[in-house]
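Structural features, examined
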Amino acid sequence: MSEHIEIHGSSGPPVLLLPGGHVSCHGFYPGYAEALVADPGARVIVHDRPGTGRSTVPGSLAGASGHLHALVHRLGMGPVVVVGQSLGGDVALLFARDFPEDVAGLVLLDPVPCGDVGLARLLERRYAGLARAARVPPVRRLIRHVMRATAEREIAKRGLRGSVADAPEWITDIDVRELARALEGLAALAEGFRPADLPRGVPAAIVSADHQPGRIGDGARAAHARVAAVLGVPVTRWPGTSHSLHLEQPERTIDVIRAVLRRTANHA
C-alpha cells in the first residue's frame, strides 16, 4: 500500500499541503512547492492521506488528524505550517486542535464551514444523494459532464492558463461517489468542533472566497469569522474569487503562505 508522499526542498521550515475533497495533492497546488522552495527556502510535503487521491491505504475523515500526526513524526519534520483548501482546511483545523504541538502555522483557504452542523449535514446529504444517483452509469456520466463543463466555463471566464488551468479540469473530473465517501462523518465532526478549542497564538491566515448571499455563502462567512476571531487574525477576501481561489490567485495565495512562514520564524 502507498500514500504517495513527495518532499520538495532539502532544508528550511516544513509546509504540509492539504487538498480539498478527496482528490490527490499532486497537481492540486500547481507551482506552489517550487515557489516555496525558492522563497523562503521551505521544505514542502505533498501527500495523499489514506482514503484520498492516489493513496491505496484505506482511511476516513475521522482519522485524518491522527494520520497526519503519525506522518509528521515519521518524517521528523514537525511542527509544520499546514495549508488546507476546502475540506483540507477543515482537516488542518482538526489537526491543529488535536495535535497543537505539531502545527507551527495555519493557512486556511476557503475551508468548509467547520462547526456549522446544519451546513455540514446539508453538504453530506447533498453528495450522498448524488452518489446514490451516480450508481446508474448514464447518470454518473451526466454528473461528470456537468462538473467538467462548469470547470471549463470558469477556466475561460477567469482566463486561467497552463498547469493552473489543468488543475480544475482534473479536480472536477471525478466520480462523485468517491467525494461522498470523503465527506462521510463531516456532520459528526462539526458537532464536536468548537473554535475555542484551537490553539491560541499560532501564526495563521484565513482567505475566504467572495461568497454570494445564501445558506452556503452566509454559513461560510460566519464560520470563517468565528475561527478568525479565535486565531486573532482578520478574514482576507479578494473580490470576485470563488471556492478555487488558490488557482485564481496563486501568486497572492503563495504570498499569504510566505507571510505566515515569516511570522512562524519570528514566533519560534
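The model shown is predicted, which means the values in this text are computed figures rather than measured ones. (Residues numbered from 1 in each chain as written. Predicted model: local features only at pLDDT ≥ 70, side-chain atom pairs only at ≥ 80, totals over all residues. Heavy atoms only, no water.)

Scanning the protein chain from N- to C-terminus turns up 11 helices and seven strands. Against the globule reference of 18 Å for 268 residues, the protein chain gives a C-alpha radius of gyration of 17 Å, in line with a compact fold. Dimensions of the protein chain, computed from C-alpha atoms along their principal axes, come out at roughly 55 × 40 × 40 Å. Taking the contacts inside the protein chain whose residues are at least 6 apart along the sequence as the reference set, 78% of them involve residues at least 24 apart. Side chains of the protein chain carry 30 positive and 27 negative charges; the gap between the two charge centres is 4 Å. (Helix = DSSP H or I, 4+ residues; strand = E, 2+ residues; numbered from the N terminus. Rg over C-alpha atoms; globule rule 2.2 N^0.38 Å. Contact = heavy atoms within 4.5 Å. Lys, Arg positive; Asp, Glu negative; His and termini not counted. Charge placed at Lys NZ, Arg CZ, Asp CG, Glu CD.)

Right, let's talk about the packing of aromatic side chains for a bit. In total, this model carries three aromatic pairs according to the counting rule given. When the centroid spacing of 5.0 Å and the interplanar angle of 70° are considered together, the rings of Phe28 and Tyr29 count as edge-to-face. In this structure, Phe28 and Tyr29 share a single accessibility class: buried. Ring centres 5.2 Å apart and planes at 55° place the aromatic pair Tyr29 and Tyr32 in the tilted group. Neither residue differs from the other here; Tyr29 and Tyr32 are each classed as buried. Through pairs of rings, three or more aromatic residues link up here, namely Phe28, Tyr29 and Tyr32. (Phe/Tyr/Trp six-rings, centres within 6.5 Å; stacked < 30°, edge-to-face > 60°. Buried < 20%, exposed > 50% of the residue type's maximum accessible area, 1.4 Å probe, protein only.)

The subject of this paragraph is the pairing of strand β5 (residues 103-109). A large share of β5 lies buried, amounting to seven of its seven residues. Across six bridges, the pairing between strand β4 (residues 80-85) and β5 is parallel. The residue bridging Gly84 from the neighbouring strand is Leu108, located in β5. Taken together, β4, helix α3 (residues 87-98) and β5 constitute a β-α-β crossover, and its handedness is right-handed. Taken together, the four bridges between β5 and strand β6 (residues 204-208) define a ladder with parallel strand orientation. Looking across to β6, one finds that Val107 is bridged to Ala205. (Pairing = 2+ DSSP bridges. Right-handed = clockwise from strand over helix to strand, strands pointing away.)

Assignment of secondary structure puts His22 in the loop between β2 (14-18) and α1 (32-38). Judged by its relative accessible area of 7%, His22 falls in the buried class.

Before going further, it helps to examine the layout of surface pockets. There is about 1400 Å³ of room inside the largest pocket. Among the elements that make up the lining of the largest pocket, the one with the highest residue count is helix α5 (residues 137-158) (six residues). Taken together, the residues of the lining of the largest pocket sort by class into 24 nonpolar, 15 polar and six charged. Approximately 330 Å³ is the volume found for the second largest pocket. Along the walls of the second largest pocket sit 19 residues, with His22, Gly51, Thr52, Gly53 and Glu178 positioned nearest its centre. Take the lining of the second largest pocket: its biggest share by element is three residues, from helix α7 (residues 176-183). (1 Å grid on protein atoms, 1.4 Å probe; cavity = no way out; pocket = protein on both sides within 12 Å on 5 of 7 lines; lining within 4 Å. Points joined across faces, edges and corners; volume = space filled by probe spheres on them. Nonpolar A, V, L, I, M, F, W, Y, C, P; charged D, E, K, R; others polar.)

One pass over the structure, following the stated rule, counts 11 salt bridges. The partner of Glu154 in a salt bridge is Arg158, with the nearest N and O atoms 2.8 Å apart. Residue Glu154 and its partner Arg158 are both found in helix α5; the two are separated by four residues, about one turn of the helix. What you see here is one network of salt bridges that share partners, running through Asp39, Asp255 and Arg258. (Salt bridge = Lys/Arg side-chain N within 4 Å of Asp/Glu carboxyl O.)

This next bit is on the side chain of Ser55. You can see Ser55 is positioned in the loop between β3 (43-47) and α2 (64-75). Since its relative accessible area comes to 12%, Ser55 is described here as buried. A distance of 3.1 Å separates the side chain of Ser55 from the backbone nitrogen of Val57, its partner in a polar contact. (Polar contact = N/O pair within 3.5 Å; in protein donor to acceptor, adjacent residues only side chain to side chain.)

The buried fraction of β6 amounts to five of the five residues, a majority that puts the element mostly inside the structure. Neither face of β6 is open: one carries Ala204, Ile206 and Ser208, the other Ala205 and Val207, and all of them are buried. Relative to strand β7 (residues 235-237), β6 is paired through three bridges, and the arrangement is parallel. Bridge pairing links Ile206 to Val235 in β7. Handedness of the crossover joining β6 and β7 through helix α9 (residues 215-231): right-handed.

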